[in-house]
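Chains, contacts and geometry: an overview
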Amino acid sequence: MSKKVYIETYGCQMNVADSEVVVSILSEAGYEPTDNIKEAGLILINTCSIRDNAEQRIWGRLTAISYLKKQNKDLKIGIIGCMAERLKEKLIETDQLVDIVVGPDAYRELPLLVAEAESGHKAVNVLLSREETYSDISPVRMDKNGVSSFVSIMRGCNNMCAYCVVPYVRGAERSRNPESILKEVKELFAHGYREVTLLGQNVDSYKWEGNKVNMGFHDLLEKVALVNPLLRVRFSTSHPKDISDELLHTIARHENICKHIHLPAQSGSNPILKLMNREYSREGYMERVSAIRTIIPECSLSTDMITGFCTETDEDHKESLSLMEWGGFDFAYMFKYSERPGTKAARKYKDDVPENIKSARLSEMISLQNKISAKSKKKDIGMVFVVLVEGFSKRSGEFLSGRTSQNKVVVFPSGNYQRGEYVKVLIEKCTSATLIGKSI
Ligand code: 5AD
Ligand code: SF4
């Protein structure tokens, strides 16, 4: 009987991509992936540490699945990813349920560690690496639509944003060999995929120095775009201090490079940006947005914002709101600052904005962004967009759902269209999250 592994993924897109690498490694070792947690002999939870509430959710999940261990004495549970890296042995010592703890750079060791756990010992490997990119591993795709997929192009992060735990849990930045990236993209296209999202913590610092080629991110992006004009290419995440005009021109030049940039601002206030160690000013951020608007006029923009970072005053907060208004972002992810142990902010600054003020500022920010997002969708009414069909709409089998190049979700009557097809859609109306139209 084959052994079954169930994997649950929390956190960012990078974790989704990592889970596919993990399943590939375990498949080679004789494990079969399952969607049914109850039939699994091995449960892995791929975790996130970005904010305290991300970790609390995972603790809650561990408690919720504890009954499975009572039903099956041989069941092994592993915590992998960022929280494994952050808490290390502590996880095993404090939680009787956990048998295996594996950090993001040690997934190749999983078969050995699982075997160790099966022989009755607790197993831990949280070593970070300077080289590991899993470049030779073909991820086992676990997406539901077979149309869009993530491709990891680098790992780790060398920026030292004062609030951020990522450099500590994912280690130093390293880029993946471009040949292996292009091979993976070509295979995806051959298997019917029509969209790839290139992933890195800071894609703009992608760098490959081989004996024949030296490549930056814009070179890589162009090569991926040239794989096939029918393949859409997205990427995430850009950094305002590093996003170059060369990259913007590359995006403008290729129709199949999606016209959407996620450019986290984090704050609109100069003193806060400085304390955050973001290495750009409000004016610097605005200059990059203006460059995007000039070079790629049809480009959509999204951002991340943090409210209540150390020392943030009402005035700083107003600066964030005014930047958001000025930027007119199509979408924004907004968070309350959460102190992460070991980061520069935790070591050096006081988390001095009271919780109720953080919450009030966040609510104000969210309601402002809702208005801005609504405006951005209304603007699209009457326009025609090319939509890549991803599948049926969640609400009804009579409607298909897909996205525009600008990353906006569009729903329209199914007709005879199939997933993976490009359809021209005239936008007729919108809801708070979706554009609605008809094919033309
Ligand atoms: N508290 C709140 N938000 C954070 N982010 C990163 N670290 C923290 C933290 N300590 C946010 C940033 C980042 C996004 C992925 O998560 O906005 O861009
Ligand atoms: Fe992703 Fe950061 Fe969360 Fe790790 S801590 S899963 S890198 S968001």
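Report follows, based on the coordinates. (Residues numbered from 1 in each chain as written. Chains lettered and ligands numbered in written order. Predicted model: local features only at pLDDT ≥ 70, side-chain atom pairs only at ≥ 80, totals over all residues. Heavy atoms only, no water.)

Here we come to the overall build of the protein. Counting its regular elements, the protein contains 15 helices and 21 strands. Over its C-alpha trace the protein gives a radius of gyration of 22 Å, about what one expects of a compact globule, namely 22 Å for 440 residues. If one aligns the C-alpha atoms of the protein with their principal axes, the spans along those axes are about 60 × 55 × 50 Å. A total of 440 residues make up the protein; the buried ones form 55% of that total. Taking the intrachain contacts of the protein between residues at least 6 apart in sequence as the baseline, contacts between residues at least 24 apart amount to 71%. Taken as a whole, the protein presents about 20000 Å² of accessible surface, with 52% of it coming from carbon and sulfur. A gap of 3 Å separates the mean positions of the 60 positive and 58 negative side-chain charges of the protein. (Helix = DSSP H or I, 4+ residues; strand = E, 2+ residues; numbered from the N terminus. Rg over C-alpha atoms; globule rule 2.2 N^0.38 Å. Buried < 20%, exposed > 50% of the residue type's maximum accessible area, 1.4 Å probe, protein only. Contact = heavy atoms within 4.5 Å. Areas by Shrake-Rupley, 256 points an atom, 1.4 Å probe, with all protein chains shown as cover. Lys, Arg positive; Asp, Glu negative; His and termini not counted. Charge placed at Lys NZ, Arg CZ, Asp CG, Glu CD.)

All right, on to the site of ligand 1 then. Ligand 1 sits among Ile50, Arg51, Tyr163, Gln266, Asp304, Ile306, Phe335, Lys336, Tyr337, Ser338 and Arg340. Taking Tyr163, its main chain carries an N or O atom lying 3.1 Å from a nitrogen atom of ligand 1. The separation between an oxygen atom of ligand 1 and a polar side-chain atom of Asp304 is 2.6 Å. Isolated, ligand 1 exposes 410 Å² of accessible area, and the fraction of that covered by the protein chains is 86%. Among the elements of the structure, strand E15 (300-307) and strand E16 (331-336) are those that each provide at least two residues to the shell around ligand 1. (Near = heavy atom within 4 Å. Polar contact = N/O pair within 3.5 Å; in protein donor to acceptor, adjacent residues only side chain to side chain.)

Our next topic: unusual backbone geometry. Note on backbone geometry: most residues besides glycine have negative phi, and most peptide bonds are trans. The amide bond that connects Ser236 to the next residue, Thr237, takes the cis arrangement and shows omega of 10°. Here Thr237 is to be found in the loop between strand E13 (232-236) and helix H10 (245-253). A positive phi angle is found at Asn277, which is not glycine, with a value near 65°. On the secondary structure map, Asn277 appears in the loop between helix H11 (270-276) and helix H12 (282-295).

This part covers empty space enclosed by the protein. As enumerated under the stated definition, the model contains 1 cavity of 30 Å³ or more in all. Its boundaries defined by the atoms lining it, the largest cavity holds a volume of some 90 Å³. Contributing to the lining of the largest cavity are 13 residues, with Val21, Pro139, Ser152, Arg176 and Glu184 lying nearest its centre. Put simply, the parts of the chain that give the lining of the largest cavity at least two residues each are helix H1 (13-28) and strand E7 (148-152). Looking at the lining of the largest cavity, you find at least three residues from each of domain 1 (4-125) and domain 2 (143-258). (1 Å grid on protein atoms, 1.4 Å probe; cavity = no way out; pocket = protein on both sides within 12 Å on 5 of 7 lines; lining within 4 Å. Points joined across faces, edges and corners; volume = space filled by probe spheres on them. Domains from an automatic or database assignment.)

To continue, consider the pattern of salt bridges. Enumeration over the complete set of coordinates arrives at 32 salt bridges. Residue Arg170 is joined to Asp18 by a salt bridge in which the shortest nitrogen-to-oxygen separation is 3.1 Å. Here Arg170, found in helix H7 (residues 166-170), pairs with Asp18, found in helix H1; they are 152 residues apart in sequence, far enough to count as distant. By the burial criterion, Arg170 is buried, and Asp18 matches it. (Salt bridge = Lys/Arg side-chain N within 4 Å of Asp/Glu carboxyl O.)

The subject of this paragraph is the pairing of E13. Working note: regular strand, side chains alternate between the two faces of the sheet. By the criterion of burial, E13 is predominantly enclosed, with 5 of the 5 residues buried. When strand E10 (residues 195-199) meets E13, the two strands line up parallel, connected through 5 bridges. Directly across from Leu199, in E13, lies its bridge partner Ser236. (Pairing = 2+ DSSP bridges.)

On to the layout of surface pockets. Size it by volume and the second largest pocket reaches roughly 680 Å³. The wall of the second largest pocket is formed by 26 residues, among which Lys259, Glu298, Phe385, Ser405 and Gln406 lie closest to the centre. Listing elements by their share of the lining of the second largest pocket, those giving two or more residues are helix H15 (355-378) and strand E17 (384-392). Of the residues in the lining of the second largest pocket, the class split is 9 nonpolar, 7 polar and 10 charged. (Nonpolar A, V, L, I, M, F, W, Y, C, P; charged D, E, K, R; others polar.)

Next up on the list: the site of ligand 2. Around ligand 2, a shell composed of Cys12, Asn15, Thr47, Cys48, Ser49, Ile50, Cys82, Val166, Arg170 and Gln201 is seen. Of the domains in this structure, domain 1 (4-125) and domain 2 (143-258) are the two that each give at least three residues to the shell around ligand 2.

By the element assignment, Phe329 lies in the loop between helix H13 (314-327) and E16. The contacts of Phe329, once residues within four sequence positions are left out, are Tyr285, Leu301, Ser302, Thr303, Leu323, Met324, Gln369, Ile372 and Ser373.

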